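Secondary and tertiary structure notes
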Amino acid sequence: MNSQKKRKDMGPACTWSLLSKHKAASSSLASFSWKELTGYREVFRKHLKEKYQKIGVDKCYLHGKHIKSRLLVVKEHCISEKPACGIPQQDNFIEMEHVFDPEEDGSSSPKTVVLQGCAGIGKTAVVHKFMFDWAAGIVTPGRFDYLIYVNCREISHIAKLSAADLIAKTFQDINGPILDVIPVYPEKLLFILDGFPELQYPVCDQEEDLSANLQEKKPVETLLRSFVRKKLFPESSLLITARPTTMKKLHSLLKQPIQAEILWFTDAEKKAYFLSQFSGANAAMRVFYGLRENEGLDIMSALPIISWMICRVLQSQGDGDRTLMRSLKTMTDVYLFYFSKCLKTLTGISVWKGQSCLWGLCSLAAEGLQNQQVLFQVSDLRRHGIGVYDTNCTFLNHFLKKVESGVSVYTFLHFSFQEFLSAVFYALKNDSSWMFFDQVGKTWQEIFQQYGKGFSSLTIQFLFGLLHKGKGKTVETTFGRKVSPGLREELLKWTEKEIKDKSSRLQTEPMDLFRCLYEIQEEEYAKRIIAELESIILLQPTYTKMDILAMSFCVKSSHSHLSVSLKCQHLLGFEEEDRASAFMPPTLTLNQPFQLRNLPVSPLHLLCQALRNPYCKIKDLKLIFCHLTASCGRDLSLVFETNQYLTDLEFVKNTLEDSGMKLLCEGLKQPNCILQTLRLYRCLISSASCGALAAVLSTNQWLTELEFSETKLEASALKLLCDGLKDPNCKLQKLKLCASFLPESSETVCKYLASVLTCNPNLTELDLSENPLGDTGVKYLCEGLRHSNCKMEKLELSECSLSAACCKSLAQVLSSTRSLTKLLLINNKIEDLGLKLLCEGLKQPDCQLKDLALWTCHLTGECCQDLCNALYTNEHLRDLDLSDNALGDEGMQVLCEGLKHPSCKLQTLWLAECYLTDACCGALASVLSRNENLTLLDLSGNDLRDFGVQMLCDALIHPICKLQTFYIDTDHLHEETFRKIEALKMSKPGITW
């Protein structure tokens, strides 16, 4: 009875008793024999199996019958570079039946699993199938005794509920003391929260209202939060289904969740589904292959609800509708197509009567949406003009269904039907002949803010789609009313206002906006909206093929020069099929080499189509964690044949493979390619790929910046790259090779680079930070830097395992080259001796260095005299960073003598964490009151108190002082000092603190 003791220790959250007041929980357990407990479990299993077997027949689409529920484990609602949630590999896919399997060590601790998916993906169907399979003993045998299912939408309109109410509802059809039996083993319970709502309150609010009392009635949102936060049943497991829009707030409430994405149909799964829906294979295949004639519809039909609607219509319609399908581009098109075709199936009643039913459904849907209601009584239907006799007609069965209990309660076949009809209601609301307006008081703007939080609302997306100019006639013939003539301009102007407002724009997920713009299908309007955006940053764990289609539509005709960052773990729906894209332009299919044509469809196919548009002005494209493949190189290569605007391309943690990189490089060699910057961060690059890049360097006249960061390169790969850099035609100016050398090859690579510097006068910036160059490697490099052909201006050698031994060579570079203006040696063990050698170079008349960074270089106050002497003679140095070095007060006082010298033209001085106290503030104050050049001083991280800060404030107010930025720590200052600072801010408002 260890579990009993554990429950007792946990308090009321785990000792829930629904027994009478005269019984205790412990006596409850004693009153049931093992045989009785087993019997109740079997009764429940049998009931559940029968229930969901019946639902399976009635369900509007049961793709679970034909397809295994394959999930993509996302794990976290963020992008992390840690292996736990990095780029998904093959083992990140899991079948639904295994999500609650025991751990590797055999333990079965409570799990919280979130199934995420867009509307119509089949979240509820997956859960119902899981429950049926559990009841049949197919999945998680022995793991759970009871599954407690809660349809969150069905309870959302109720004012207050308790946990006991939810559980009682689950077992309302079962006789016996089931409520006494359930809490016996809480670790054997699985609570299923289906359709978790968009939370109305901030995550931090109402935390104190969460309840562990199972009998206490709470608002529905508070009750659901109590489950998610594990205030209720902490020993039990949770299965939650939610739309992506819900995840932002929900994820912060969860404790170590397993987050999984329900995948769209693959082509094979879609084919299996179509075969199951038609009586003959030929008919099914005609529809299946017919979809490929319409790229947008082919993509949308990977969503189960869309496939179901298409099959439902075409099962009873002729070839004319198959032709009409070619014009369907958007979700709104498909839903409108479905409703219009259902109207044509009327038998025995007039079209007007059918339209009357649809009108009533529209107002019913809108009222329900306003009140967060999905279950409707017969009285609700009557109020909206739908009689009881109507509910039995075949026509309404296309849209409504009776809830499984015997009570006359109805709901829409799918929640998206309610959202679509609500959008129709608002599109037609201003029609003077419309009925039932008094039932729905809220405007579409209020729904926009209340439901779905903006552009993410499916209702709002449908509203955009209904307002397309070309849909007015279809809407009128289907619903018998005209679209409000002024609503379209009202919505479009309102959208422009939302995007122009910075605070609203920051709260808008760009992809939600793209979906709305895609639905309305008006390129000129999309241009106007996208023109308000300088950059587009997409940062979700997953994006679907439909998402990329919507984004591509919006950016293909952008007039403004856009920066686009696509950062995700996985692009869903881009299966690597053994065929070239069916939608690739015929000219490309015919003219490109076989190796280009024979590659499968790539995840970037749709985006690249947009980039090929001559009006697309995306200038900066970042592809981060996108799980790219070789075929992406093919599609990007084709972009560079025609694109005249893309100048900056960045890959982060992507694997194009050698074949993909070679194909990309073929595009970079095209005469029309104007790419100027190519960045490869944490990518896998082989010698073969570097050879292809070297060929680009020798032919591309535009490429001026190349970066490899945290991309390990073999010595042979770097040699090939250097061969390209030495080509006379190479125009590269900036080369960044951070954390890219292997330790054993660093010295050899430095020799290769030195040979480049002797013959390439175009290369002006070199960053070799975070490589183990060592002193010997830098000495080789300096030989090239001193060559007369070398025009190096900026050299970064931070964290390169350097010591004082290489500083003589660096000093020789400083004294012999007039081009070098910036030298960064951050986080190297230079020490005082090394700086002494560098200062000898700084004092030479040919030294033109302006920027010297010696942050964390193990310096002490002993070096300050050498720096002081350099400042006496060097008139070029403008920026000096000595942060995180133990200079101390005495060293600072010495340095200040150099700072006061007339030859010193230093403008920015960084002294953070240099072990300074008030003792040096007099010397610093003297500098501030005499030096007219210093504009920035950083003293943060030092032990400056009131006396020292007040001295500095007195100096800052001096008219000679030109300081504009001043950093100090103010945590320990007293009120008098703060008053002095405030007075200084008033007299010199231009200073940034």
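These remarks concern the structure in this document. Sequence order sets the numbering: in each chain, residues are counted from 1 along the sequence as written. A pLDDT threshold of at least 70 governs which residues receive local features in this predicted model, and a stricter bar of 80 or more applies before side-chain atom pairs are shown or counted, although totals over entire chains, interfaces and linings include all residues. The basis for every side-chain value is the complete set of heavy atoms in the structure, and neither hydrogens nor water enter the calculation.

Observations regarding the overall build of the chain
- Helices and strands together make up the secondary structure of the chain, namely 43 helices and 29 strands.
- For the chain, the proportion of contacts with a sequence separation of at least 24, taken over those separated by at least 6, is 82%.
- For the chain, the exposed surface amounts to about 40,200 Å²; the carbon and sulfur share of it is 51%. Working definition: helices are DSSP H or I runs of at least four residues, strands are E runs of at least two. Numbering for both runs from the N terminus. Residue contacts are counted whenever heavy atoms from the two residues lie within 4.5 Å of one another. Values of accessible area rely on a 1.4 Å probe in the Shrake-Rupley scheme; residue burial ignores everything except the protein chains shown.

What about the pattern of salt bridges?
- For this document, the term salt bridge refers to a Lys or Arg side-chain nitrogen within 4 Å of an Asp or Glu carboxyl oxygen. For the coordinates displayed, the defined rule picks out 38 salt bridges.
- For Glu367, the salt bridge identified is with Arg383, shortest N-O distance 3.2 Å. Taken together, the positions of Glu367 in helix 16 (residues 351-370) and Arg383 in helix 17 (residues 378-383) put the pair 16 residues apart, joining distant regions of the chain.
- Here's how the labels work: a residue is buried when its accessible area is under 20% of the maximum for its type, exposed when over 50%, partly exposed in between, all with a 1.4 Å probe on protein chains only. Assessed through its relative accessible area of 9%, Glu367 is described here as buried.
- Asp380 is the salt-bridge partner of Arg383, the closest N and O atoms lying 2.9 Å from each other. Of the two residues, Arg383 and Asp380 are both situated in helix 17; the distance of three residues between them amounts to about one turn of the helix.

Focus on the packing of helix 33 (residues 687-697) against helix 34 (residues 715-725)
- The convention used is that axes are lines fitted to C-alpha atoms, helices contributing only their stretch in contact, and that angles between N-to-C directions extend from 0 to 180 degrees. Between helix 33 and helix 34, whose axes approach to 8 Å, the crossing angle comes to 5°. Considered as vectors, helix 33 and helix 34 are oriented roughly parallel to each other. Across the interface between the two elements, Ser687, Cys690, Gly691, Leu693, Ala694 and Leu697 from helix 33 touch Ser716, Ala717, Leu720, Leu721, Gly724 and Leu725 from helix 34.
- Residue classes in the contact of helix 33 with helix 34 are distributed as eight nonpolar, four polar and no charged. Our angle categories are set so that under 35 degrees counts as roughly parallel, over 145 as roughly antiparallel, 65 to 115 as roughly perpendicular, and the remainder as oblique. Each residue is assigned to one of three groups, with Ala, Val, Leu, Ile, Met, Phe, Trp, Tyr, Cys and Pro labelled nonpolar, Asp, Glu, Lys and Arg labelled charged, and all others, Gly among them, labelled polar.

What to know about helix 21 (residues 458-466)
- Counting buried residues along helix 21, nine of its nine residues qualify, which places the element largely inside the surrounding structure.
- Taken together, the buried positions of helix 21 are Leu458, Thr459, Ile460, Gln461, Phe462, Leu463, Phe464, Gly465 and Leu466.

Digging into unusual backbone geometry
- Look at Thr856: it is not a glycine, yet its phi comes out positive at around 55°.
- Tracing the backbone through its elements, the reader meets Thr856 in the loop between strand 25 (851-853) and helix 39 (864-873).
- Located in the positive-phi region is His858, a residue other than glycine, with phi close to 60°.
- Judged by relative accessible area, which is 47%, His858 ranks as partly exposed.

Examining the pairing of strand 17 (residues 618-624)
- Counting buried positions over the seven residues of strand 17 gives six, a clear majority of the element.
- Paired strands, in this sense, are two strands between which DSSP finds at least two bridges. Pairing of strand 15 (residues 562-567) with strand 17 involves six bridges; the strand directions are parallel. Within strand 17, the residue paired with Val564 across the bridge is Leu621.
- The pairing of strand 17 with strand 18 (residues 648-652) spans five bridges and is classified as parallel. Within strand 18, the residue paired with Ile624 across the bridge is Val652.
- At this point the chain moves from strand 17, through helix 31 (residues 630-639), to the parallel strand 18, and the crossover so formed is right-handed. If the strands point away from the viewer and the path from the first strand over the helix to the second runs clockwise, then the crossover is right-handed.

Some thoughts on the packing of aromatic side chains
- Only rings of Phe, Tyr and Trp enter the pairing, Trp through its six-membered ring, and a pair is recorded when the two centres are within 6.5 Å. The plane angle decides the type: under 30 degrees is stacked, over 60 is edge-to-face, the rest tilted. Tallying each qualifying case throughout the model produces 30 aromatic pairs.
- When the ring of Tyr338 is compared with that of Phe417, the centres are 5.4 Å apart and the planes differ by 45°; the resulting orientation is tilted. Of this pair, Tyr338 sits in helix 15 (residues 331-343) while Phe417 sits in helix 19 (residues 415-428); the two residues are 79 residues apart in sequence, bridging distant segments of the chain.
- With relative accessibility at 0%, the residue Tyr338 sits in the buried group.
- Cation over ring: Arg45 sits above Trp134, and NZ or CZ is 4.1 Å from the ring centre.
- The criterion for a charge sitting over a ring is simple: Lys NZ or Arg CZ within 6 Å of the ring centre, and within 35 degrees of the ring normal. Above the ring of Tyr615, the side-chain terminus of Lys527 is found at 5.9 Å from the ring centroid.

Let's talk about the pairing of strand 3 (residues 112-116)
- Buried residues dominate strand 3, accounting for five of its five residues.
- Alternating residues of strand 3 divide into Thr112, Val114 and Gln116 and Val113 and Leu115, and every residue in both groups is buried.
- Sheet analysis places strand 3 next to strand 8 (residues 237-242), joined by five bridges and oriented parallel. When the sheet's bridge partners are listed, Gln116 is paired in strand 8 with Ala242.
- Across four bridges, strand 3 lies against strand 9 (residues 258-262) in parallel orientation. Of the residues in strand 9, the one forming a bridge with Leu115 is Ala260.

Regarding helix 42 (residues 946-956)
- The element helix 42 is extensively covered by neighbouring structure, given that eight of its eleven residues are classed as buried.
- Residues of helix 42 that are buried include every one of Asp946, Gly948, Val949, Gln950, Leu952, Cys953, Ala955 and Leu956, and no others.
- Next to the buried residues of helix 42 lie helix 41 (921-928), strand 29 (965-967) and helix 43 (975-987).

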